[in-house]
Amino acid sequence: MKLDSMYQEVILDHYKHPHGRGLRDGDAEVHHVNPTCGDEITLRVRYEGDTIRDVSYEGQGCSISQASASVLNDLLVGKELSEARKIQESFLELMQSRGRLEPDDTMEDLLEDAVAFAGVSKYPARVKCALLSWMAWKDATAQAFGEAEAATQALGDPPTKETTP
Amino acid sequence: MTASPQLSGLLDTDAIRKDFPILDRLVHEEHKLVYLDNAATSQKPTQVLDALSGYYERHNANVHRGVHVLAEEATALYEGARDKVAAFINAPSRDEVIFTKNASESLNLVANMLGWADEPYRVERDTEIVITEMEHHSNIVPWQLLSQRTGAKLKWFGLTDDGRLDLTGTEQLITEKTKVVSLTLVSNIMGTFNPIESIVRRAQEVGALVVIDASQAAPHMALDVQALQADFVAFTGHKMCGPTGIGVLWGRQELLNDLPPFLGGGEMIETVTMNSSTYAPAPHKFEAGTPPIAQAVGLGAAVDYLTAIGMDRIQEHEHALTEYAVGRLQDIPGLRIIGPPTAEDRGATISFTLGDIHPHDVGQVLDEQGVAVRVGHHCARPVCLRYGIPATTRASFYLYSTPAEVDALADGLEHVRNFFA
Ligand SMILES: Cc1ncc(COP(=O)(O)O)c(C=O)c1O
C-alpha cells in the first residue's frame, strides 16, 4: 500500500515515542503554525558557542509534524551550527523533491532517520507538516544568534510565522 | 462489512448518481470514490456541465451591451438565471438578487456598503456589530476589517457545549448601538441549524440590520428570504451543484436603493462624466464589470436541478443519512462528535475527533481507501479554540450520498484506529 511509503515505521515510532519533547531552558523561543491545518509548535534552542546544546519543543499536530520534530531533536542536538545547517538544507531539498529524489549514501549518512520522510514529499499537503519544526529551528537559531542578524532581518525580510516550503 | 440498512426518506440515489459522472471515478487506482466533502464544495451534475458548455458553444457574448443576436441571448440567459435564483429563494423581486463571485464577496459587499452608508445604516465609532463564534472566516474577517476601519465594536454570541448558539444575554448583546447582526443559518463545521427567529426579532426591535450567511443552507433546504425576515442573505453557487465563481447576495429592495455601491465600473452606471456618475438601479449598481455569465447560467441550471428533485426531499434524505451516520460514528471507540450529538436540528455535516489521532492522519488514511473528507479547522478556527481542539475531521453528505458511504466512512475509521494503534 502506498500509505506505507508515507507512514514509515520509523516515523510512527518517533510519533508514538517522541525524543526530547517538552520545553526546557533556551536562548530563543519561536512559535510557528501551519495555517492550513492548525499544526503548532513552540520551539527553543540553546547554544554553547556554536554547538547546539538543546532543542526543546512542545506542540500539537499530526504524526508527520510531531515525528519530524523528534527526528530534528535527535539529529541536531550536539551538532555544530554549520553541520546542522547542512542537515537542514539537505532535509529541505528532500522534502521539496516531490518524491523524485532517491537519497544517496551521503544524504542517508547526513539525515539518518530523516530519510524516512522521503515518502512524505510525494504528498504536497503534508510537506508543510514535515517542515514545520525545521523552519521553527531555523528561525529560533537566527534569533539566538545576535541582535545584528535579527535586526537586519527585521529591517529587510522579516521571518514569517507561517511555514511555507 | 454488513449490507447497508434500508432507511426511510432516502432519495433514489441510483438515479441521481447517474447525473454525477465524477462519482464513478476510481481513486488510488482501485478504490471507488466516496465523496464526503460536500460542505467544501459539491459535485456538479451533467445538467450543469451541459449548461456551461452549451452557453459557451452557442451563446457566448458580453451581456447588456450589444444589439446582436448573441449579446441578446447571453443577456437573456444571464438575466434568466437571476429569475431562477429569485424564485428559488422566494425573493419578492428579481432585482433584489445580486450576482457576486462567491459568498465571501457577498459578505464583504454588505460590510463595505454599511461602512460607506449614510445614516441610519452607517457603521461607525460608538456603534456595534454582532456576529457569532461559529461563523466561517468569511463572516468574521469582513466585520473585523469594518470594525478596525470605523472604530465600531465587534461582539459575538458564544457557543454551548453541544455546538449550539448560546442565546442567553441576547438583550445585552444586541442593543440600541447595534447596527448589524450577521450570522450563519447552518454551521459549516458542526452542521448546527441556528434558531434565528429570536435574534431577528431582537435586531428588529433595536433597528439593526440582519445579514444571514446561507452558504450551508441553500444547498440543503428550502430557503425563503421573506420567511427569514432578514435584510441580506448570502450564499455561494459551488456548494449547491453550481460552478465556482458565482455567488449571490439577496438584499431588501429599499436597502439596495439607499446603500452606496462598493465596486465601480462598467455595468453599474447610468451616466458618466469626468466629474461624476450616476448609478444604475439594483442589482446592476452592485455588479461592476463583466459578470460571471456562464457561471450564473450554470447556477440557474443547478437551481433547476435541485428544484426538480425538491429541496424538502433533499432535506429529508440528508436527515435520514445524518441519523444513521451519527449512530454509526458514535459506536466507534474514542470518537467524539464536535457539535450537536444527535440528528436533531442539524444538517448532514459532521465534525469529530478520533482519540488523539490527529485529523490530518485520519484524513490521509481515509483518502487511501477512497474516502474524501476534510480535515483542519474548516475556516472556523474559533470553533476549534472554543472546544479546545486543534482541528477536526469533517464528513459532509449531500443528495447523492448513500448509507453505503456512511458505512465506508465508519469502516475506514476502524482501519484508521488500527493503523495508529
Ligand atoms: C458558512 C459559510 N460561509 C461562507 C463560505 C464561503 O464561501 P466561498 O468560499 O464560496 O466564498 C463558506 C464556504 O466555504 C461557508 O461554509
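Keep in mind that what you see is a predicted model, and the values were worked out from it rather than measured. (Residues numbered from 1 in each chain as written. Chains lettered and ligands numbered in written order. Predicted model: local features only at pLDDT ≥ 70, side-chain atom pairs only at ≥ 80, totals over all residues. Heavy atoms only, no water.)

Draft legend 1. Up close: the nonpolar core. Among the nonpolar cores identified, the biggest contains 82 residues, and Leu223, Val233, Phe235 and Leu399 of chain B are the most heavily contacted of them. In terms of residues, this core owes the most to one element, helix α10 (residues 293-309) of chain B, which gives 10 residues. Residues from two domains meet in this core; each of domain 1 (13-32 + 310-419) and domain 2 (49-308) of chain B gives at least three. Discounting chain neighbours no more than four positions away, the residues touching Val233 of chain B are Ile212, Ala214, Leu223, Val225, Leu228, Val248, Leu249 and Trp250 of chain B. Counting 78 residues, the second largest nonpolar core, distinct from the first, contains Ile11, Val45 and Leu131 of chain A together with Ile332 of chain B. (Core = buried A, V, L, I, M, F, W, Y, C linked by side-chain atoms within 4.5 Å. Buried < 20%, exposed > 50% of the residue type's maximum accessible area, 1.4 Å probe, protein only. Helix = DSSP H or I, 4+ residues; strand = E, 2+ residues; numbered from the N terminus. Domains from an automatic or database assignment. Contact = heavy atoms within 4.5 Å.)

Draft legend 2. Highlighting the interface of chain A and chain B. Tallying the contact residues gives 24 residues for chain A and 18 residues for chain B. Between chain A and chain B, the buried area comes to about 1600 Å², and carbon and sulfur atoms account for 54% of it. Between the two partners, chain A and chain B, sit two salt bridges. Ionic pairing is found between Glu40 of chain A and Arg381 of chain B, a salt bridge with its closest N-O pair at 3.4 Å. Summed over the shared surface of chain A and chain B, the number is eight residue pairs in polar contact (both at pLDDT 80 or more). Counting residues per element, the ones that place at least two in the side of chain A that touches chain B are α1 (3-6), α2 (9-16), β2 (39-48), α3 (63-76) and α6 (124-144) of chain A. Residues that form the side of chain A that touches chain B fall into these classes: 13 nonpolar, five polar and six charged. (Buried area = accessible area lost by both parts, 1.4 Å probe. Salt bridge = Lys/Arg side-chain N within 4 Å of Asp/Glu carboxyl O. Polar contact = N/O pair within 3.5 Å; in protein donor to acceptor, adjacent residues only side chain to side chain. Nonpolar A, V, L, I, M, F, W, Y, C, P; charged D, E, K, R; others polar.)

Draft legend 3. Just the site of the ligand, in detail. Residue and element names in this part refer to chain B. In the vicinity of the ligand lie 13 residues, with Ser104, Asp213, Gln216, Thr236 and Lys239 positioned nearest. Between the ligand and Thr236 there is a distance of 2.7 Å, counted from an oxygen atom to a side-chain nitrogen or oxygen. One of the side-chain N or O atoms of Lys239 is found 2.7 Å from an oxygen atom in the ligand. For the ligand, whose accessible area on its own is 390 Å², the fraction buried by protein is 88%. Taken together, the residues of the shell around the ligand break down into one nonpolar, 10 polar and two charged. (Near = heavy atom within 4 Å. Areas by Shrake-Rupley, 256 points an atom, 1.4 Å probe, with all protein chains shown as cover.)

Draft legend 4. Summary view of the UniProt feature "domain: Aminotransferase class V" (unreviewed entry) in chain B. Feature annotation in UniProt places "domain: Aminotransferase class V" (unreviewed entry) on residues 34-409 of chain B, given in this structure's numbering. Measuring from the first to the last C-alpha atom of residues 34-409 of chain B gives 8 Å, for a span that is 38% helix and 17% strand. (UniProt positions renumbered as here; feature names shortened; annotations may be inferred.)

Draft legend 5. Summary view of the domain arrangement of chain B. Residue and element names in this part refer to chain B. With domains assigned, chain B is organised as domain 1 (13-32 + 310-419) and domain 2 (49-308). Relative to domain 2, the C-alpha centre of domain 1 lies at a distance of 28 Å. Each partner contributes residues to the interface: domain 1 has 34 residues there, and domain 2 has 31 residues. Summed over both sides, the interface of domain 1 with domain 2 buries roughly 2600 Å², with 57% coming from carbon and sulfur. Applying the counting criterion to the domain 1 and domain 2 interface returns one salt bridge. Two residues, Asp161 and Arg386, come together in a salt bridge whose shortest N-O distance is 2.9 Å. Summed over the shared surface of domain 1 and domain 2, the result is 20 residue pairs in polar contact (both at pLDDT 80 or more).

Draft legend 6. A look at a nonpolar patch on the surface. Residue and element names in this part refer to chain B. A grouping of Trp116, Phe262 and Leu263 is seen on the molecular surface, where their side chains present a nonpolar patch of about 350 Å² in accessible area. The topology assignment puts Trp116 in helix α4 (residues 103-116). Using a relative accessible area of 58% as the deciding quantity, one classes Trp116 as exposed. (Patch = residues over 30% accessible without salt bridge, like charges linked within 9 Å, V, L, I, M, F, W, Y side chains within 5 Å.)

Draft legend 7. View of the sheet that holds strand β16 (residues 374-376) of chain B. Residues and elements named next belong to chain B. Read from one edge of the open sheet, four strands run β13-β14-β17-β16, paired in antiparallel fashion. Looking at strand neighbours, the two that pair on one side only are β13 (335-338) and β16, the edges of this open sheet. Across the sheet, the mean angle separating the axes of adjacent strands is 30° when strand polarity is ignored. Here β16 pairs with strand β17 (residues 392-396) via three bridges, running antiparallel. Each bridged residue has a counterpart across the sheet, and for Arg374 the counterpart in β17 is Arg394. In the packing of helix α11 (residues 311-330) onto the sheet, the strands contacted are β13 and β14 (349-354), and the crossing angle to β14 comes to about 5°. Packed on one face of the sheet, helix α14 (residues 403-419) meets β13, β14 and β17 and runs near 15° to β14. (Pairing = 2+ DSSP bridges. Axes fitted to C-alpha atoms, helices over the stretch in contact; angles between N-to-C directions.)

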